[in-house]
Each structure stands twice: as structure tokens, then as C-alpha cells.
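Observations on the three-dimensional arrangement
Residue-level listing of the chains:
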Amino acid sequence: MEGASSSLLDAEAVADLVLLDPLTEESLVQTLQERFRRRDIYVGSGTRGFGGTTGTAGTYIGNVVISVNPYQSLPIYTPEKVEEYRNCSFFAVKPHIYAIADDAYRSLRDRDRDQCILITGESGAGKTEASKLVMSYVAAVSSKGEEVNKVKEQLLQSNPVLEAFGNAKTVRNDNSSRFGKYMDIEFDFKGEPLGGVISNYLLEKSRIVRHMKGERNFHIFYQLLAGASPQLLQQLKLRQDCGHYGYLNREGSNLPGMDDAANFHAMQDAMRVIGFSPAEVTELLQVTAVVLKLGNVQLSSSFQASGMEACSIAEPRELREICELIGLEPGTLERALCSRTVKARDEMVLTTLTVPQGYYGRDALAKNIYSRLFNWLVNRINASIQVKSDKQRKVMGVLDIYGFEIFQDNSFEQFIINYCNEKLQQIFILMTLKEEQEEYVREGIQWTPVEFFDNSIICNLIENSTTGILAMLDEECLRPGVVNEDTFLTKLNQLLATHKHYESKETQNARRVTDTSLPPRCFRIHHYAGKVTYNVTGFIEKNNDLLFRDLSQAMWAAQHALLRSLFPEGDPQKVSLKLPPTAGSQFKSSVAMLMKNLYSKNPNYIRCIKPNDTKSAMVFTPELVLAQIRYLGLMENVRVRRAGYAFRQLYGPFLQRYKMLNPRTWPRWDGGDRQGAEVLLAGLAFPTEELAFGHTKIFIRSPHTLFDLERRRQERVAQLATLIQKTFRGWRCRTQYQLMRKSQILISAWFRGHRQKNRYKQMKRSALILQAYARGWKARKTYRKYFRSNASTCVANFIYRRLVQRYLLGLAKNLPPLSVTDRTWPPAPYRFLDDANQELKNIFYHWKCKKYRDQLPASHRAQLQARLCASELFKDKKTLYTKSLQQPFRGEYLGLKQNPKYQKLHAVAKDKLVMADTVRKVNRANGKTVPRLLLLTTEHLVLADPKAAQPKTVLSLSDIRGVSVTRFSDGFLALHLKEVSTVGAKGDFLLVSDHLIELVTRLHQTFKATMGQALPLHITDRFSTRFPKGDVSITVVESPKAGTNGPVCKKKGSNKMEVLVH
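Nothing here was measured: the structure is a model prediction, and the numbers come from that model. As a convention, each chain's residues are numbered from 1 in the sequence order in which they are written. Local features in this predicted model are restricted to residues whose pLDDT is 70 or higher, and side-chain atom pairs enter the listing and the counts only when it is 80 or higher, whereas totals over whole chains, interfaces and linings include all residues. For side-chain calculations, the full set of non-hydrogen atoms in the structure is used, while hydrogens and water are omitted.

1. Here's the deal with the pattern of salt bridges
Salt bridge, as used here: a side-chain nitrogen of Lys or Arg that lies within 4 Å of a carboxyl oxygen of Asp or Glu. What the rule picks out here adds up to 49 salt bridges. Between Glu321 and Lys293 there is a salt bridge, with the nearest N and O atoms lying 2.6 Å from each other. Residue Glu321 is located in helix 11 (residues 316-326), and its partner Lys293 is located in helix 10 (residues 278-294); the two are separated by 28 residues in the primary sequence. One exposure class covers both Glu321 and Lys293, and it is buried. For Arg317, the salt bridge goes to Glu321, with nearest N and O atoms at 3.3 Å. Within this pair, Arg317 and its partner Glu321 are both found in helix 11, separated by 4 residues, close to a single helical turn. Take Arg317: its relative accessible area is 43%, and that puts it in the partly exposed class. Only protein chains enter the accessibility calculation, which uses a 1.4 Å probe. A residue is then buried if its area is under 20% of the maximum for its type, exposed if over 50%, and partly exposed in between. The exposure class assigned to Glu321 is buried, which follows from its relative accessible area of 16%. Several salt bridges converge on common partners, so that one network encompasses Arg178, Glu204, Arg207 and Glu215. Numbering of helices and strands runs from the N terminus, with a helix taken as a DSSP run of H or I at least four residues long and a strand as a DSSP run of E at least two residues long.

2. Structural notes on empty space enclosed by the protein
Lining residues are those with an atom within 4 Å of a point, where the points come from a 1 Å grid over the protein atoms alone and group into cavities, where a 1.4 Å probe fits but cannot get out, or pockets, open sets with protein on both sides within 12 Å along at least five of seven lines. Grid points are joined across faces, edges and corners, and a volume is the space filled by probe spheres set on the points. Summed over the entire model, instances satisfying the criterion amount to 8 cavities of 30 Å³ or more. Considered as a void within the structure, the second largest cavity measures approximately 70 Å³ in volume. Mapped onto the lining of the second largest cavity, the elements with two or more residues apiece are helix 5 (127-141) and helix 6 (146-166). For the lining of the second largest cavity, the per-class residue count stands at 7 nonpolar, 1 polar and 1 charged. Here the term charged refers only to Asp, Glu, Lys and Arg, the term nonpolar to Ala, Val, Leu, Ile, Met, Phe, Trp, Tyr, Cys and Pro, and the term polar to all other amino acids, Gly among them.

3. Brief notes about the layout of surface pockets
Estimates place the volume of the second largest pocket at around 980 Å³. Asn69, Gly126, Glu129, Asn173 and Asn175 are the residues nearest the centre of the second largest pocket, which is lined by 47 residues in total. Every element with two or more residues in the lining of the second largest pocket is listed here: strand 2 (63-68), helix 5, helix 6, strand 5 (176-177), helix 7 (219-227) and helix 9 (260-274). Broken down by element, the lining of the second largest pocket gets its largest block of residues, 6 residues, from helix 5. Within the lining of the second largest pocket, the residues separate by chemical class into 21 nonpolar, 17 polar and 9 charged.

4. Description of a nonpolar patch on the surface
Patch construction takes residues with relative accessible area above 30% that form no salt bridge. Like charges are linked within 9 Å, and nonpolar side chains (Val, Leu, Ile, Met, Phe, Trp, Tyr) are linked within 5 Å. Surface accessibility in these figures is a Shrake-Rupley result with a 1.4 Å probe; residues are shielded only by whichever protein chains are displayed. The grouping of Val795, Phe798 and Ile799 at the surface amounts to a nonpolar patch, some 300 Å² of accessible area in total. For Ile799, the location among the structural elements is in helix 28 (residues 791-813). Judged by its relative accessible area of 43%, Ile799 is partly exposed.

5. Some details on the nonpolar core
Here the nonpolar core consists of buried residues drawn from Ala, Val, Leu, Ile, Met, Phe, Trp, Tyr and Cys, with membership extended through side-chain atoms lying within 4.5 Å. Judged by nonpolar contacts, the single largest core of 152 residues is most densely connected at Phe165, Leu365, Leu377 and Phe654. The element that contributes the greatest number of residues to this core is helix 13 (residues 355-385), accounting for 13 residues. Throughout, a contact is declared for two residues whenever any of their heavy atoms are within 4.5 Å. With near-sequence residues (within four places) excluded, Leu377 lies in contact with Val161, Leu162, Phe165, Met271, Phe276 and Leu284. Formed by 52 residues, the second largest nonpolar core is a distinct cluster that contains Tyr201, Tyr402, Met431 and Leu598.

6. Digging into the UniProt feature "binding site: ATP" (unreviewed entry) in the chain
Following the UniProt record, the feature "binding site: ATP" (unreviewed entry) maps to Gly121, Glu122, Ser123, Gly124, Ala125, Gly126, Lys127 and Thr128 here. Residues from the named set that contribute to the lining of the second largest pocket are Gly121, Glu122, Ser123, Gly124, Ala125, Gly126, Lys127 and Thr128. Mapped onto the elements, Gly121 comes out in the loop between strand 3 (115-120) and helix 5. With relative accessibility at 1%, the residue Gly121 sits in the buried group. If sequence neighbours within four positions are ignored, Gly121 has contacts with Lys127, Ile401, Tyr402, Gly403, Cys608 and Leu632. Within the secondary structure, Lys127 sits in helix 5. For Lys127, a relative accessible area of 10% translates into the label buried. Excluding residues that lie within four positions of it along the chain, Lys127 makes contacts with Ile119, Thr120, Gly121, Glu122, Asp400, Ile401, Tyr402, Gly403 and Cys608. UniProt positions are given in the numbering used here, feature names are shortened, and annotations may be inferred rather than shown by experiment.

7. Digging into the packing of aromatic side chains
Here is the rule: rings of Phe, Tyr and Trp (six-membered ring for Trp) pair when centre to centre is within 6.5 Å. Planes less than 30 degrees apart are stacked, more than 60 are edge-to-face, and the remainder are tilted. Inspection of every chain in the model, using the stated rule, returns 27 aromatic pairs. Between Tyr360 and Phe548, the aromatic rings sit 6.2 Å apart at their centres with planes inclined by 55 degrees, giving tilted as the arrangement. Of this pair, Tyr360 sits in helix 13 while Phe548 is found in the loop between helix 19 (539-544) and helix 20 (549-557), placing the two residues 188 residues apart along the sequence. Taken together, the ring pairs in this structure connect Phe412, Phe415, Phe488, Tyr502, Phe523, Tyr534 and Phe539 into an aromatic cluster. A ring is scored as having a charge over it whenever the NZ atom of a lysine or the CZ atom of an arginine sits within 6 Å of its centre and within 35 degrees of its normal. In this structure, Arg216 packs its charged tip against the face of Tyr222, placed 4.1 Å from the ring centre. The side chain of Arg380 reaches across the aromatic face of Phe276, ending 4.8 Å from its centre.

8. Here's the deal with the pairing of strand 12 (residues 394-400)
Among the 7 residues in strand 12, 7 count as buried, and that is most of the element. Side-chain alternation along strand 12 places Lys394, Met396, Val398 and Asp400 on one buried face and Val395, Gly397 and Leu399 on a second face that is also buried. For two strands to count as paired, DSSP must find a minimum of two bridges between them. As judged from the 7 bridges shared by strand 6 (residues 180-187) and strand 12, these two strands associate in the antiparallel manner. Residue pairing for strand 12: Asp184 is matched across the bridge by Gly397.

Next up, the structure:
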């Protein structure tokens, strides 16, 4: 409520123009400009109050909202804004389209009153967007449901389809509606939308064939070329280049901020939602392509033998493609475009057309096809969205139509548009005055006649059935003989010479008035919004809107179902000689039906204003706005609204708002609302003529009185606010002091109690300690004689045994898994058990390992024992050890049993064989190696010749005194023998083995098993060997010169040898 009335005292930005004081054109423009600067683009006109309710049914009629186009997006259409205006009093919120839409919707739903919203304004003022906002708001606030949502979606999706075919870019607006639209949205008794019916008025079909530079044809042509797939364009026989088409002025289609391709896809999606079948969409686009391609049909001039001029098709390709699209013989369409059948008496005569006549017929055909296609499109949408059932319905109409137009050159289109606006102004004035009178009578206030300009005389000037301008125009079109605009203007001058709202050059001359602004071939009408000069050139042609019968019959002959249905008069079986109605009479009938429809509904108004001609954001041109204020008749509207009493309100809300101004009504009034209002105003000493008391409302005559009342209220509110603040601050300080005092007392009490509790606990603790020491001393003194000298030890031992017992029993229940890889063990519960716990852990692990070994097979166990022995001997000592881990210990590498060649060797080994392998024996003289077979048994080590398979050397294990190997990854081995051995004094053996690790390991195991002691093993790079000729020092060197086949031994003198290993 405060938001709606906050600007009442701000005369520069008053939200309700009825309260504007003084009321002049300058103050009205200044108010609009100031609100526009503050980004308040909506202004109320005749809202009759603020902070109240809409009252009973019929309290407010003809609500008006003025909308100034900001040319930019504003955050005032969010879902939160919808909720703000939903079910809210029309006068308790700031002016907004949502407010008027909500008031209309609730009046329809709750009071069972049909509504209509009239949206007017010139091109670019935002009428189309306003109608979308109204429909989207109604869709948002109405109830939900699958069927209801489907209906709402169909109603909303009709907009992009009609915009594509009925809107175009003009110099004033990038999305200008080039037709008038009236939609009846039908609701059930619950306020749920059931469907709707759309009516269209005066499509600007002349735009099809020509438009100004800087403008565009209808959107659908550019959307089709930009958004259609290559396959669809090929099917429609179109090119994607807009510059190819004459009806598009052979210009590009770039329009900043508009994506034609995306809009084309949105239009297709909308058609699917509405219920268009794919076949219907295809036929619709085919007819659209035909219209576009007709503009490329060129005619050439020729002369017949009789000397008469004729025309023919210059380039037949376009004509042939058009005929392929519609299923027509090219010759039929060519004859219809280049000739005309005229009935002379009782016979039909075929006459040829000149090139200008041919182009006229071509353009007339294009305009008629598109106009009828648009009507078919509207009817098809109606077939989908109209209500199918016959149950009772409520209706809300939304009218989006041209505003009053005054151009530099005004023609037939501006004439009938302004005629329509005269009728809309008439209905506004009449219904407003009617409601004013009804309200005065209802409230018991004396009705005083209101002086206003009654534009019925202008409407009668245009629409009178005998002497009206439209009647004269129809009569002139039907008159035989030479007919042109000059004869039409002459007739108007004769009949309307004395009419005070009509003038022309001839009537001015008759009155001896000189006016250079009125050219010849023009007449001027004094409309309610100003004087408009009309040029009669083209009036008769546009009113006739003739299409040659040959062209209609050609379209009927086409095989295209949709196109054929658009020209029913082309059926040769139904030829009618009756002339079709003129454009003026058709529009007059449509306006009459529209007025009848609007008279049956409660009207609401949205007046749209364009702030500048450059479509610039937040730019306000006062001169342009003032002209539109006159065109829209806003001053007349406001004058009628504020006639008599400018402000009225129910007694209850009025008393509730202003009762603080009188001590007798503040803070509470116990009597009736009217009595309270009378007492309140009696104490304010307003002049008697400024006030009137109705049955349910208070009436205030002038805005000045209301402003004074509001000013006093704001001053009183400020005083009351100060009083409330003072009282609140005092209460808050007293409350805070009392709370602090209470808290201080509570804290003190708790602190003293806490301190005494701590003192008591300390004293109690001290007493208990003293008592414990005294009792202990007394008990020891009394019972000392009964204790043995080792009692403490026994008790301690008993406790220890008990703890150990508990530990062992617990350990038995928590033993780790028997996996040998699991080294976990429970920790000792007491520190004195740490050593025992570690010992038990080791014992348990060894037991697990033993148990694991006992389960192994003998062969596997032997393998593991050999591996373990190898690990002990070579791990981290010889590089070859890590490589040997991947090789299994096989033991027998010669295959003695399988190879009969080795039978003698097998007999030598018998069942005591430990290992059999091939080795290379190093010659002690020159260092060269020769192959030998090595057999290791439990008692001997045998070296045999591989060729003869005969033992050459048999060593007893007791003859071996040690083994030397290098630390590298070679297989070099020195076998040290005792000085006295079974083989005599042959000295030590130098061998090279590919399985050195396994050989030494098995030799070590066998030696230890036989001799009872470990085999001495030396891992070194330098060692001494004893040969028959003396000791030889052997040095092992790692060198890349050594081959991959094994070590290379080189004799260095008589007592040195160098072994190169890799």
C-alpha cells in the first residue's frame, strides 16, 4: 500500500494521472519523463485511489495503464513479480501490466464478468510485448494440470506463429505487427483456460510486393531461407540467398539482435505444439515459397499483329518451378498472368495485358495468396485452440491493434486505422461516463453532466451508411464509367462541404481560407487526436482489392490442396457475377463486430508509448511523446476520469489510512466507518464543496485536497514513528537494565555457591586423606604380628601368576593366523611380560614354519632347503645369486637314465647321484677350457669325458678342502684339494659352470652331510691355487672384453693368472 502511494506527494512522478495537479499536456509529459528516468515505465490513469480494495463488483471500470517502451530488458517480469501482483489489490501496488492483467483475471473468475484488455499505440511502442505479458501472466496465475497446461501452451505458442507470418521490421520497430489481433481467451467457472479464438484485422498485404528501404518483408520469408535445411529448400525450389528475390528488394537479411534461423525452428516447434500435422506445415511452406517466387516472375513487352501491346513471360524457369510446387500446367498460369477474360454481352473475350497490367495482376495474386493464407493460418490455429464443449464459459479478450497514425503521407491504410481508433476512443468515453454516472447514482451523489468532446460526429462522418466517406468510396468503386480518385474527392467536397470536421482545398477556397499545408487531391479530417491529411491517391484501387477471375480460376485448377482451398470463387461450377465486398466495407463490418464484442465486456486499457524514434534504451523525446499523448487521447481520458470527483474510496480503508489525523478517531474508532470518516474530516476543516459522502464511499473533488490530506498523514506518521521509537528505546533500555541486574544477581549467587562448594570439597579431601593415613597406621600396628615375613612376596607371586595365567589364556584365544607370511602378534598387556611375549612370538612363528615344512612333499622340501642354503651362502655376496632365483634347482641336467650313452656314468653314480651337469675345465697351462661332465654323488665328485662318457677324475669328498668363487655374475669356480688326496698330487681344479649357485650349494650340503662340517667357501676377487708346478695367484677382473660365453683366463707368467669376467 505504501509502495503504491509513495509518489502521491511527488508531483513530478505521480503514479495516477487523475491526481495530477495542474492537469496540462506539459505536466503530463513531465510526469512521464520523470517516472521514465526512474525506470518506472508504467503509469496509472484513472485508477481511482490507492491503498484500498477493488470493492464490490463494478466498482472500477476502464482501468488504464500507460506503458513507455524502455527498449531494454528490466527485471520487473520475474516469477517473484508475478507472485507480488497475484491476488493483490489493484490499487495497493505500483502500476504494472501484471496489475491490470490480475485485476481483469480476478474480475472474470470471481465476479463472473467478461473482460477485455485493449492495447493501443503506434508501431514500436511495445504493443506486441504487452499482449505477450498479459497472456503469460494469466497462464502463470491460472491453475495447473496436464490438460490445462496443454491449453495454456497452445495459446502462448500461437504468438510465434502469428509473429512469423504477420510481423515485419519497419523503420520504427524491428518486430512490428502488421495486422490487428483480437484474441478471446475462454475460461471455465474455476478460472482455468479452456481455449481461445483469434480474430485478425487489416493485414498489411501491400508489404508483400513493396516495402521501404531499411525495412523488411514479413519475417517468415527470411526465417524460411535462413532456417530451412538444404533438403527443404531444394524441395521448395528456393535459394538461401535473400538477394535473389525481388519481393525482398534483393537485399540481405541481416538484422542485429534477431536470429532468423532460431526463430524458424521456434515457429516449427510452436506449430507442433498447436497441433499442425507435418503435411500441413509442408503445404503452408510451399504456398509461402510460391508467394516469394512470384516476385521473380519477369514480364517482357511485345506487339501483336494488330498493333496492340501484349506481355509474355521473360524467363519461364521461375514460372515452371512455381507450377511444379502447386501442381499446375505452366501454360495455364502464363495465360492467367498475361491475359484476361472479359465478358462482353453474352460472350467471353480474351484480351491481352500490357506489362504494367501484367505486373499489377502478378502482385495482386501474390497479395491475395498471402492474405488468404494468413486468414487460413488464423482459422487453423482457432481450430486447435477453440473450445469444443458447449458448457458455459467466461471470456477475456486481448486486443492488439494499430494506434492512431499521422504520417507525412497518409493513405487508405491510415484512414481505416484511424477510423478504428475513433471507434475505440468512443467506446472508452461512453463506457467511462456510463460507469461514472452509475457510480454516482449508486452512491447517492448528484450527477453533474460532464463536458467532453463526443467523437460520434467523426465516426458518423466516416461510417454513415449513406453520406459517410466509406459509403461514398464504395459507391464510387461500383459506379460504371471512368472512375478515379478525383471524382471521389469531388463527391466528398459536395456532400461534406459544411461539415466542421472535414476540409479540403475546395472547401477552404469556398470559405476563403488560405492553407498551404493542404495540397490538392487530399482531404483533412479533424480527429479527436488531431488533424490528419489523407491523400486519395490509391483509395479506389486499395478499396476494390480486385483479383482477375482468370487468376482465381488458375489457383483453383492447381492440384495443391491448401492453395486450391484458398480460392473457392475460382470453381467454374460456382461462378458468381456478384462483386466481392470492398476492403472498406469488410473492415467496417469487422470493426462493428469488434465494438459489439467490446461493449459486452468490461474494458481495461494499456496505452503504449514510444519514447524515441531511434529505439535507444532509456532515451525520452518529449516532443514525440506529446504527439502520441494526443494521438492516444490521454488528456481526454484523464479529463473524463477526474470529472466531478477525482478521488473516491470505501469508508473502511479511508478511515484506516487517515484516522491518526484526528484525536477522536485515533488510535481506535468504535463507531461505524462512515461516521468515523465524517468525524475525521470535520476536524480537518476542508471546504464543504470539496467533500461528498456516498452510501459506501467518500468522494474528494480536487487532487489538491487529497495531496493536503496525504501530506498531513505523512507528517503525523513521522510524529507517531518518533513517539514509537522513543517509547521503544525507553522500554528497551529498562528491559536491558533489569536483565543485566537480574543476571548480575544470578552470577553473584552462583559464584558464591561455587566458591563454598570448592572450599567444602577441599576440606573433605583433606579429612579423607588424614582418615586414610590414620586407619592404615592403626591397621598395620594391629595386624603386624599376624603377618609372615615373606607374605608380601607370596602375595606378589600369586598376583603375577594370576596375571600370567590370564595372559596365556587370552593369548590362546587370540592367536594369529597360521599363515607363515603373517608376522602379527598381540602385544603384551603388562610391561613385565614383554620378554616372554617376544619369546613366545618367536616360538610360535618357528612352530608355524615347521608345521608348514612338514606339510611339504620331500622334493619340495629339498628344493626349499637348497634355496635356503644358497641364500645363506651367496645372498648379498655374489651378483649371480639374484639371477639364479628365477632358475629352478633341477639337479640332473644330463639325462643319465634316458641317454644310453651315459650308462657307465649312471652305473658309477648308482642311487647316490646328487647333481649331474656339464662344466668347462680350465687348462692350467694356457687358460683354455675343455668341456667335462660333472657328477656329484653323496661320496664322490666325478669329472668325465663327454665324448667317451668315461670317468677321468674321481674325487672323494674328503679330498676337498674348500671352494673359491668371485663376487661377480660369472660361473668361475676354484675347487681346492688337500695336498694328499685319492687322485694324487694333481692340484686344484678351475671350473666354469652355468649353474654355479646350485652346484656350490649342493656340494656344500653333501659335504656337510658326509663330513659333518661345513664346506669352506671363499667369495673373493683374488685367491691362490695350488698346481703341480707350484702355487698360482688368480686375479678376477670385471671387463667388457670378456665374452658372454664365460670367463676368459689368461696366464700371466708362471705363477699368475688373470680371469676376465663379464
